[in-house]
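Listed here are the chains, written in short residue letters.
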Amino acid sequence: MKKAVFIDRDGTLNGMVYDETHGLLDSPRRPEQVRLVKGAADFLRGLKKAGFMTVVVTNQPGIAKGTLTLEELYAVNRKVARLLEAGRAEWDDLCFCPHHPKGVKRAFAKKCNCRKPKPGMLLQAARDHGINLRKSWMVGDGLNDVQAGRAAGCRTILVTKLKLDQVEQFFALKGARPTAVAASLKEALRIIKGSRS
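All of the points below concern the structure found in this document. (Residues numbered from 1 in each chain as written. Predicted model: local features only at pLDDT ≥ 70, side-chain atom pairs only at ≥ 80, totals over all residues. Heavy atoms only, no water.)

So, about the nonpolar core. The biggest cluster of nonpolar side chains holds 29 residues, and the ones touching the most others in it are Val 5, Phe 43, Leu 47, Leu 84, Val 139, Ile 157 and Ile 192. Of all the secondary-structure elements, those providing two or more residues to this core are β1 (4-7), α1 (40-49), α3 (70-86), β6 (137-140), β7 (155-159), β8 (180-182) and α7 (185-194). Once residues within four sequence positions are removed from consideration, Val 139 is found in contact with Val 5, Phe 6, Ile 7, Asp 8, Thr 12, Phe 43, Ile 157, Val 159, Leu 185 and Ile 192. (Core = buried A, V, L, I, M, F, W, Y, C linked by side-chain atoms within 4.5 Å. Buried < 20%, exposed > 50% of the residue type's maximum accessible area, 1.4 Å probe, protein only. Helix = DSSP H or I, 4+ residues; strand = E, 2+ residues; numbered from the N terminus. Contact = heavy atoms within 4.5 Å.)

This is how it looks when you write it as structure tokens:
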């Protein structure tokens, strides 16, 4: 069976953007808003060289909330892919969850098993690609990424400049304690390559 690294998109591969409507950082909704996080292409390229599949897993609740269309999401995904290709990198698969329990679009307004912290996207990708989850990793910038990875049986890396004890001051880590914390994607790659598969 294959080993893989599941990777969050927003905040991990590409930067978040300021949403004037809500006054928050959010996912980019237009291609021109997309900027790669430093080291994103090197990270994907390094994972491939180390023998890992790369699967992007991203929550996109804007679909359910009516703030993002599927066409806009596809356009943003294409822009992320083009920027990565310019750095000689690519992902093997991309999975997204369009659901949110408080959505306004009836087809997507529901509780589901794919919205992180649930592990559904990882489990489905593992079935589709023959991935051994115990030999795989989930990498992301949020505790919901860590929870999804742990629930799927993966090792996990939280990418943050905070130390774990600082994270614990602000968030309850029950069920969300990562295998490792990395300050950058470069450090996350080093941790993955240095681990015993």
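Moving on to a nonpolar patch on the surface. On the surface, a cluster of nonpolar side chains totalling about 340 Å² of accessible area is made up of Met 16, Tyr 18 and Leu 25. The residue Met 16 is located in the loop between β1 and β2 (17-19) in this model. (Patch = residues over 30% accessible without salt bridge, like charges linked within 9 Å, V, L, I, M, F, W, Y side chains within 5 Å. Areas by Shrake-Rupley, 256 points an atom, 1.4 Å probe, with all protein chains shown as cover. Salt bridge = Lys/Arg side-chain N within 4 Å of Asp/Glu carboxyl O.)

Here we come to the side chain of His 100. Structurally, His 100 can be placed in the loop between β5 (93-97) and α4 (120-129). Excluding residues within four positions of it along the chain, His 100 makes contact with Pro 61, Ala 64, Lys 65, Phe 108, Ala 109, Lys 110 and Arg 115.

Time to look at unusual backbone geometry. Put simply, Lys 116 and Pro 117 share a cis peptide bond, and its omega is 25°. Take Pro 117: it is sitting in the loop between β5 and α4. Look at Arg 88: it is not a glycine, yet its phi comes out positive at around 60°. Take Arg 88: it is sitting in the loop between α3 and β5. Residue Arg 88 is classed as exposed on the basis of its relative accessible area, which comes to 64%.

In this structure, the largest pocket encloses a volume near 530 Å³. As for the largest pocket, its lining consists of 24 residues, and the residues nearest its centre are Met 16, Asp 26, Ser 27, Asn 59 and Pro 61. Counting residues per element, the ones that place at least two in the lining of the largest pocket are β3 (24-26), β4 (53-59), α2 (62-65) and α5 (143-152). The element contributing the most residues to the lining of the largest pocket is β3, with three residues. In this structure, the second largest pocket occupies an estimated 160 Å³ of space. Around the second largest pocket, the lining residues are Lys 38, Gly 39, Asp 42, Phe 43, Ser 184, Leu 185, Lys 186 and Leu 189. Every element with two or more residues in the lining of the second largest pocket is listed here: α1 and α7. Considering each element in turn, the lining of the second largest pocket owes the most residues, three residues, to α7. For the lining of the second largest pocket, the per-class residue count stands at three nonpolar, two polar and three charged. (1 Å grid on protein atoms, 1.4 Å probe; cavity = no way out; pocket = protein on both sides within 12 Å on 5 of 7 lines; lining within 4 Å. Points joined across faces, edges and corners; volume = space filled by probe spheres on them. Nonpolar A, V, L, I, M, F, W, Y, C, P; charged D, E, K, R; others polar.)

Spatially, six strands are ordered β5-β4-β1-β6-β7-β8 in an open sheet, and the strand pairing comes out parallel. Strand pairing shows two members of the sheet lacking a second neighbour, β5 and β8, which therefore form its edges. Shown here is a sheet whose adjacent strand axes are inclined to one another by a mean of 20°, direction ignored. As paired strands, β1 and β6 are joined by three bridges and run parallel to one another. Bridge pairing in β6 links Phe 6 to Met 138. With respect to the sheet, α1 is in contact with β1, β4 and β6, its orientation differing from that of β1 by roughly 160°. Lying over the sheet, α4 contacts β1, β4, β5 and β6, oriented at roughly 150° with respect to β4. (Pairing = 2+ DSSP bridges. Axes fitted to C-alpha atoms, helices over the stretch in contact; angles between N-to-C directions.)

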